[in-house]
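Here is what each chain is made of, one letter per residue.
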Amino acid sequence: MLDLRRLAAASLFVGLIAPSSAGSAPAQTEDELRADVAVLTGPGTEGRAVGSPGAALARRYLISELEALGAAPLPDARELGLPFGFLAQVDDLGSSLTAGGHKRFGGDQVRAFAFSETGEARGELLFAGFGIRVPENSEVRYDSYAGQDVRDRVAVVLEGAPAEAEDGTLATLRRHASLRAKAAAARDRGAAGLVVLSEREAFDPEDRTAPGFDIAAPGSQGVVTVRIDRAAGERLLAGSGLTLEGARRELDRGDPGEARLLPGFATLTVSLDRVRASGANVAALLPAADGRLAPPWIAIGAHYDHLGMGGASSLNPHGGAPAVHPGADDNASGTAAVLAVARAVAASPLDRPLLVAFWSGEESGLLGSNAFVSDRIRPEDVAAYVNLDMVGRLRENRLTVQAMGSASVWPSIVERANVPGGFDLALSDDPWLPTDSSAFNAAGIPTLNLFTGTHPDYHRPSDTPDRLNYPGLARVARFAGLVARRVAAIDPPPEFLRVERAAADTPARASMSVYTGTIPEYATEIEGLLLGGVMEGGPAEKAGLRKGDVIVEFGGAAILTIYDYMGALEAVRIGEPVTVTFLRDGERHTVTLVPTARP
């Protein structure tokens, strides 16, 4: 019975990509899309967080639907599900702090940061205000450690930045006041360890998750680092003439103050468990009209994961309490649309094989798509990639088509596909997007991304199936199918065009005043900055850097994570040579890079 339903659906779905058969297809298409979204957001899926049972349930559904179409696995795969590993969590196994021999803290009062080194740090305690160091070439002069020998001491610093500094100064200080930046500042001055004085009254004794975990840079900052609660902080300062409130009040005006030794000798111990987990993508091939499965393929995909019960990315206004985030628009809508295209292509194949892909871990940093591009394919295997992310809330007939600058063929293909589509198109050349198409763009593959806009339910439990525009979603799916059909007919495949990355597109470039032409690779657990690529003709390429190199020093600053690189960039100037040390195939090399003004 189920097979007959699928066969009937496949024949009706030809309307998605063949204008001549569109007469009766839309209503059936809407029903099928509604059914797919209902399964993806239904009982047991629980928000489809990467690595969760709910994501596995959704994945099994997608695999079963593709298998019913006769889809084949990739040439080097045995099945449609493709697992990948990732760092899921960092747990504090029991960190402690002893000061002066008689002040002992532990258990519920001490929490190691996820980016801490594991081990022991011993030394004198040095109170260093907010623990902020601004690069010397900045107009703002601020160094919490000025005039003090920090080597082999345990630095003690306040959270945050001065609250009453002048606006221009405050903006600069806040850029260097992140917890990672404070750890890097202490490390670079030779500190044995770092204690951050928290304003929190207490930590949850049941929650041993180490704070400060960031999937974009999961590695250690190279120094043992903990946070202690307010009561422990006051006790640590006792006998020094300082109090938390008094110290903050004095430093809030913007003067870094003078670092001073606290009574006693400290021993700081951190033990962390870095918990790895497994997620999985789904990837399948549908043959070309002549039966070929060999590359190059046209690829179409969407991420099927969402936020699970919420977490740090949730915008839940009700106190942030855990709740199922169904992710109907983000991105059950795109997933259902890609399934619709797959059914249509199975019934009426393209001139090239179609790679159908569903990604997991998009919400955690494009984990699945990056793993796929890095480990499963060569760039020449994919002629072009079309991504659908949040396409279920079509309003005022407005469809956004992004990454148009990644190939010269896109304007004509999109224009022709929109003749039957009839959308009011918003076009953007920029391919550097916070979605899975960026993984393909970074690999030199032409991409497009379809998007119907954000809304008040974004990343909230209220992103539910009943709020989707199913007739609009059916039209978007049909448009995507037409784009895929037209690009598949191009021989040779479209040529990739590299578009310069805008300064504010990624955290690594948010405060850059110079251009280096590096493309960082995110979500890696190595020490250093792994290059996902370099811009053609840019300073990095001219210096001899290339994809796969790991930068470990930049301008004399140690680089352990992307955040170290961000800080180092602020200390260089346009036209002034910078020494870059990097690892290539395990060997250490040094080159000179000359930053330029942004093109």
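See the structure printed just above.
To start, this report covers the structure provided alongside it. Not measured: the values here are computed from a predicted model.

## So, the environment of leucine 197
Part 1 of the argument: With respect to the helices, strands and loops of the structure, leucine 197 is situated in strand β7 (residues 193–197).
Part 2 of the argument: The buried category is assigned to leucine 197, whose relative accessible area is 0%.
Part 3 of the argument: When the C-alpha positions of leucine 197 and alanine 232 are compared, they lie 8.3 Å apart, and in sequence the two are 35 residues distant.
Part 4 of the argument: If we skip the residues at most four places from it in the chain, leucine 197 touches Phe127, Val156, Val157, Leu158, Glu159, Ile228, Gly233, Leu236, Leu237 and Leu244.

## Things to note about the environment of leucine 251
Part 1 of the argument: For leucine 251, the position within the fold is in helix α7 (residues 244–251).
Part 2 of the argument: Leucine 251 sits in the buried class, given a relative accessible area of 5%.
Part 3 of the argument: Sequence separation between leucine 251 and aspartate 188 is 63 residues, and the spatial gap between their C-alpha atoms is 22 Å.
Part 4 of the argument: Among all residues touching leucine 251, those that are not within four sequence positions of it are Phe127, Gly129, Phe130, Leu158, Pro162, Pro256 and Gly257.

## Structural notes on the pattern of salt bridges
Part 1 of the argument: Evaluation of the coordinates by the stated rule reveals 24 salt bridges.
Part 2 of the argument: Its salt-bridge partner being arginine 34, residue glutamate 30 comes within 3.1 Å of it at the nearest N-O pair. Here glutamate 30 pairs with arginine 34, and both are found in helix α2 (residues 25–40), just 4 residues apart, close to one helical turn.
Part 3 of the argument: Among the residues examined, arginine 34 registers a relative accessible area of 38% and is labelled partly exposed.
Part 4 of the argument: Ionic pairing is found between aspartate 564 and arginine 187, a salt bridge with its closest N-O pair at 3.0 Å. Here aspartate 564 is found in helix α14 (residues 562–569), whereas its partner arginine 187 is found in helix α5 (residues 179–188), with 377 residues between them in sequence.
Part 5 of the argument: On the basis of relative accessible area, aspartate 564 is assigned to the buried category, the value being 7%.
Part 6 of the argument: You can call arginine 187 buried: its relative accessible area is 13%.
Part 7 of the argument: When salt bridges that share partners are traced, they join Glu32, Asp36, Glu65 and Arg343 into one network.

Rules used throughout
- Residues numbered from 1 in each chain as written.
- Predicted model: local features only at pLDDT ≥ 70, side-chain atom pairs only at ≥ 80, totals over all residues.
- Heavy atoms only, no water.
- Helix = DSSP H or I, 4+ residues; strand = E, 2+ residues; numbered from the N terminus.
- Buried < 20%, exposed > 50% of the residue type's maximum accessible area, 1.4 Å probe, protein only.
- Contact = heavy atoms within 4.5 Å.
- Salt bridge = Lys/Arg side-chain N within 4 Å of Asp/Glu carboxyl O.

Scope: geometric values only; no functional claims are made or implied.
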